[in-house]
Number of protein chains: 2
Amino acid sequence: MQQAGLIHPSNPGCYYYLPATVRSMEKLVRVIDQEMQAIGGQKLDMPSLCSADLWRRTERWELMGKELFRLQDRHSADYCLSPTHEEAVTTLVAHQSTLSYRQLPLLLYQVTRKFRDEPKPKLGLLRGREFYMKDMYSFDVSEEAAYGTYESVCEAYTRLFSRLGLRCVQVQADTGNIGGTLSHEFQLPADIGEDKLLVCESCSFSANVETLTSDQTNCPKCNIGTLELSKGIEVGHTFYLGKKYSNIFNAAFSNTQNKPTIAEMGCYGLGVTRILAAAIEVLSTDEEIRWPGLLAPYQVCVLPPKKGSKADDASAIAEDVARGLSGTLAHLKGEVVLDDRIHMTIGKRLKDAKRLGYPYVIVVGQGALEEQPKFEVICQNTGETMFLSKDGLLDLLRTVETV
Amino acid sequence: MQQAGLIHPSNPGCYYYLPATVRSMEKLVRVIDQEMQAIGGQKLDMPSLCSADLWRRTERWELMGKELFRLQDRHSADYCLSPTHEEAVTTLVAHQSTLSYRQLPLLLYQVTRKFRDEPKPKLGLLRGREFYMKDMYSFDVSEEAAYGTYESVCEAYTRLFSRLGLRCVQVQADTGNIGGTLSHEFQLPADIGEDKLLVCESCSFSANVETLTSDQTNCPKCNIGTLELSKGIEVGHTFYLGKKYSNIFNAAFSNTQNKPTIAEMGCYGLGVTRILAAAIEVLSTDEEIRWPGLLAPYQVCVLPPKKGSKADDASAIAEDVARGLSGTLAHLKGEVVLDDRIHMTIGKRLKDAKRLGYPYVIVVGQGALEEQPKFEVICQNTGETMFLSKDGLLDLLRTVETV
């Protein structure tokens, strides 16, 4: 992403997100919002600074070791920069003194910047010390209800990756320092992935190697298939937490008999900046950046002819096309870029367009000056090139999905 | 805001923003995006962690004293949590080695969480230790061009507050530790304001008292009017910086003669969470929260009759109205809430609706069962109550502005 001018390095593991990246990230957040709200998620926003007292109560203040950024305020009170918010959200829910079983399940989520003092930050946004994460926390009346919620979040994750056109594998995972009894990772298969996965050839079983003994070669589920090793980039993680946190902070609701009852919890992360980086990694080629169609910073780039070239007269037509598209097609408003650096050749600007990953590049050349004007359209995500009339162009772009 | 269930306290000066607040804040950010992009602003996102080295070069590492949250990473390197990003953005621009005068003015902005270790955090979101701020930085080819940019940002701020329906005064201000030669504050007049303003009765002059000698009573601009003292809440601040930062970090561009030239800078802040809190403060009454219309978390609340009441049969009509509104009027999609807690009286739910500040409350009672159904509509921002047919309802709500 750095080579393409999408990010710029700051401190180790910290990056400036440049304008195209911010546009793409905002689109991703909209897709996430849609999917989380479709299953009843409510969006809130919790402080980054978290008091050490809360983390000491779960013993994570000690457990997290050097991964936790720690600081003191002017009164020498201890704080951390939250990498995750189990303590904070459970305390919040515990303070809702009138919470009734009728209001559960409660699915609270946020999309905020998280902090983790990685020993070796690397691979740009894939393993940084500051990153955006969507973290959701669920509160349920019973174990059964909580498993139902867990399932529904996993399904929402699967829908999300499918909408982005990304192949994603849900694998059994270790619960790490978050705790709980059940956990899955959502992995995008990729050679540069840091996680090792074992995937059964015969059934749907797959797991992070951490959860199995290293010499296991037979599938523990079907007992038939052998396990194949592959690599993946973790982009999501779900945990069934049970009462681990709700017991500590007394996050309770009134049950049907009006008795205070401790809630069953789950937590569910999605690496927002990591999904962007991983998607570009798995979709792009050496010459071209490819974004998931929905997330491209801009959908369309229009290239007028070079100044002084034979097709020079088509310049006004190009401006017209660019204006017309965003005017006629409401979903393309703000999505069409006119690259009017007409002192440069079409070829050079086309190269830039490929590097930025516009799904559709429209070259306005001599064809546009013919009696029946034709436009060259390069569909970067499929590799197709087409020659279309203006109506054909509108028909093609009318179907582009945006968010 | 805390009383209304919009925020919940965490550490001193840190708050959970609850779902209604997040909705409102996201709307405010959209208005800000529109106004900043209308004057050529490009949105990026800079790290919160900033290396002490950068801040030492501008001497702000020492100057900021205890207001700066400081921490060390696992390698004992010093960082601060950025309250503002002059150092970071100037370094970024300095690294763009091919920056040409053709690309200026460059207006870079972000809307991110900022940190300031306030000695006495108070008044909820008005003076917190974590808060959202929009900070923009401009880079220009000359002093003249930079003053033009400064003006255009001030005008954008004025448009923004006017769209929000908030009276805002632009006053001369002190440049504080940011530095530079010219500065204005944007103040919302309010009794709880912490800033003291002197406003001339005769001309347009107004200033923060900090910029004048305490015994000044005559207007220094028109020499005629006397200065009246009033109080204000600072919601925005603009600074003309000149070359203070660009000289230090060597933020240069190629001029028309292709010679490297140091850029002229400005910086411009808007307190995002503070605007929300201040707006509620100046617009609300003791019984009701009022939002700027554009920023209300939801525009419409529909109240079906109490279960078992005489109007019970109108329940289905209420559901119909709620569904119909967000179906027929595209701009109200997701903006209509059906308060179906029908075990509660209309009166009790109406009180809640007032506390949450829906601009429009539709009471579906016996009138809805008449041959020519009528609906009671309470417009909270104007205090009007109307009785409208379904068509009248649609006509009224069609004109509601949303973002």
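- The name recorded for chain A in an unreviewed UniProt entry is Probable proline--tRNA ligase, mitochondrial, from Knipowitschia caucasica.
- As its UniProt record puts it under Catalytic activity (unreviewed entry), chain A is described as follows: "tRNA(Pro) + L-proline + ATP = L-prolyl-tRNA(Pro) + AMP + diphosphate".

1. Some details on the relation of the copies chain A and chain B
Then step 1. When chain A is fitted onto chain B, the two copies agree to an RMSD of 0.1 Å after a turn of 180° and an axial shift of 0.0 Å. Viewed as a symmetry operation, the transformation between the two copies matches a two-fold axis. The C-alpha atom lying nearest the rotation axis in chain A is that of Leu-71 of chain A; the distance is 2.6 Å.
Then step 2. Mapped onto chain B, 100% of the interface residues of chain A again fall at the interface, so both copies present the same surface.

2. Observations regarding helix H9 (residues 346-356) of chain B
Residues and elements named next belong to chain B.
Then step 1. Of all the positions in H9, only Arg-349, Leu-350, Asp-352 and Ala-353 are classed as buried. What you see down the axis of H9 is that its buried residues fit within an arc of 160°, all on one side. Opposite the packed face of H9, turned more than 90 degrees from it, sit the exposed residues Lys-348 and Lys-351.
Then step 2. Elements that come into contact with the buried residues of H9 comprise strand S17 (300-303), strand S19 (360-363) and strand S20 (375-379).

3. What to know about the sheet that holds S19 of chain B
Remark on secondary structure: sheet strands pair via backbone hydrogen bonds, oriented parallel or antiparallel.
Residues and elements named next belong to chain B.
Then step 1. Strand order in this open sheet of 5 strands is S18-S17-S19-S20-S21, and the pairing throughout is mixed. Only two strands of the sheet have a single neighbouring strand rather than two, namely strand S18 (336-338) and strand S21 (384-388). Neighbour-to-neighbour, the strand axes of this sheet turn through a mean angle of 20°, independent of strand direction.
Then step 2. In this structure, S19 lies alongside S20, joined through 4 bridges in antiparallel fashion. Looking across to S20, one finds that Val-363 is bridged to Glu-376.

4. Some words on empty space enclosed by the protein
Then step 1. One pass over the structure, following the stated rule, counts 7 cavities of 30 Å³ or more.
Then step 2. Here the largest cavity is characterised by a volume of approximately 80 Å³.
Then step 3. If one sorts the elements of the lining of the largest cavity by residue count, strand S13 (residues 227-242) of chain B sits on top with 3 residues.
Then step 4. Considered class by class, the residues forming the lining of the largest cavity number 4 nonpolar, 2 polar and 5 charged.
Then step 5. The calculated volume of the second largest cavity comes to roughly 60 Å³.
Then step 6. Along its surface, the second largest cavity is lined by Leu-123, Leu-126, Arg-127, Gly-193, Glu-194, Asp-195, Gly-232, Ile-233, Glu-234 and Arg-274 of chain A.
Then step 7. If you tally residues by element for the lining of the second largest cavity, the top one is strand S13 (residues 227-242) of chain A, at 3 residues.
Then step 8. Broken down by class, the residue content of the lining of the second largest cavity amounts to 3 nonpolar, 2 polar and 5 charged.

5. A short note on helix H1 (residues 19-38) of chain B
Then step 1. In this model, H1 of chain B (20 residues) spans 29 Å end to end at C-alpha, consistent with the 28 Å of a helix rising 1.5 Å per residue.
Then step 2. Just downstream of H1 of chain B, Gly-40 of chain B is the residue with a positive phi angle, here 95°.

6. Looking at the domain arrangement of chain A
Then step 1. Annotation of chain A at the domain level lists domain 1 (7-283) and domain 2 (298-398).
Then step 2. Using C-alpha coordinates to define each centre, domain 1 of chain A is positioned 41 Å away from domain 2 of chain A.

7. Here's the deal with the interface of chain A and chain B
How large an interface is tends to be reported as the accessible area lost when its parts come together.
Then step 1. Taken residue by residue, the interface counts 48 residues in chain A and 48 residues in chain B.
Then step 2. The largest contributions to the chain A side of the interface with chain B come from Tyr-16, Asp-45 and Arg-74 of chain A, which together make up 19% of the buried area.
Then step 3. Remark: the boundary between chain A and chain B carries 6 salt bridges.
Then step 4. Here Asp-73 of chain A makes a salt bridge to Arg-129 of chain B, at a shortest N to O gap of 3.0 Å.
Then step 5. Ranked by residues supplied to the side of chain A that touches chain B, first place goes to helix H1 (residues 19-38) of chain A with 5 residues.

8. So, the packing of aromatic side chains
All names here are of chain B.
Then step 1. Here the structure, examined in full by the defined rule, presents 8 aromatic pairs over all chains.
Then step 2. With 4.3 Å between their ring centres and 15° between their planes, Tyr-147 and Tyr-240 make a pair best called stacked. Of this pair, Tyr-147 sits in helix H5 (residues 143-163) while Tyr-240 sits in strand S13, and the two are 93 residues apart along the sequence.
Then step 3. Under the relative-accessibility criterion, Tyr-147 is labelled partly exposed at 32%.
Then step 4. Plain terms: the ring middles of Tyr-150 and Tyr-268 are 6.0 Å apart, the flat faces sit at 55° to each other, and that makes the pair tilted. Of this pair, Tyr-150 sits in helix H5 while Tyr-268 sits in strand S16 (residues 264-271), and the two are 118 residues apart along the sequence.

9. What to know about the side chain of Gln-380 of chain B
Then step 1. Following the sequence through the fold, Gln-380 of chain B ends up in the loop between S20 and S21.
Then step 2. Look past the residues within four positions of Gln-380 of chain B in its chain and what remains in contact with it is Glu-288, Arg-290, Ala-353, Lys-354, Gly-357, Tyr-358, Pro-359 and Val-361 of chain B.

10. Describing unusual backbone geometry
Then step 1. The linkage connecting Leu-104 of chain A with the following residue, Pro-105 of chain A, adopts the cis geometry, with an omega of 0°.
Then step 2. Structurally, the position occupied by Pro-105 of chain A is in the loop between helix H4 (86-94) and strand S7 (106-115).

11. A closer look at the pairing of strand S19 (residues 360-363) of chain A
Residues and elements named next belong to chain A.
Then step 1. Neither face of S19 is left uncovered, since the one carrying Tyr-360 and Ile-362 and the one carrying Val-361 and Val-363 both have all their residues buried.
Then step 2. Where strand S17 (residues 300-303) meets S19, 4 bridges bridge the pair, whose relative direction is parallel. Bridge pairing in S19 links Val-302 to Ile-362.

Conventions we followed
- Residues numbered from 1 in each chain as written.
- Chains lettered and ligands numbered in written order.
- Predicted model: local features only at pLDDT ≥ 70, side-chain atom pairs only at ≥ 80, totals over all residues.
- Heavy atoms only, no water.
- UniProt positions renumbered as here; feature names shortened; annotations may be inferred.
- Least-squares fit on C-alpha atoms with pLDDT ≥ 70 in both.
- Contact = heavy atoms within 4.5 Å.
- Buried < 20%, exposed > 50% of the residue type's maximum accessible area, 1.4 Å probe, protein only.
- Helix = DSSP H or I, 4+ residues; strand = E, 2+ residues; numbered from the N terminus.
- Arc of directions from axis to C-beta.
- Pairing = 2+ DSSP bridges.
- Axes fitted to C-alpha atoms, helices over the stretch in contact; angles between N-to-C directions.
- 1 Å grid on protein atoms, 1.4 Å probe; cavity = no way out; pocket = protein on both sides within 12 Å on 5 of 7 lines; lining within 4 Å.
- Points joined across faces, edges and corners; volume = space filled by probe spheres on them.
- Nonpolar A, V, L, I, M, F, W, Y, C, P; charged D, E, K, R; others polar.
- Expected span 1.5 Å × (residues − 1).
- Domains from an automatic or database assignment.
- Buried area = accessible area lost by both parts, 1.4 Å probe.
- Salt bridge = Lys/Arg side-chain N within 4 Å of Asp/Glu carboxyl O.
- Phe/Tyr/Trp six-rings, centres within 6.5 Å; stacked < 30°, edge-to-face > 60°.

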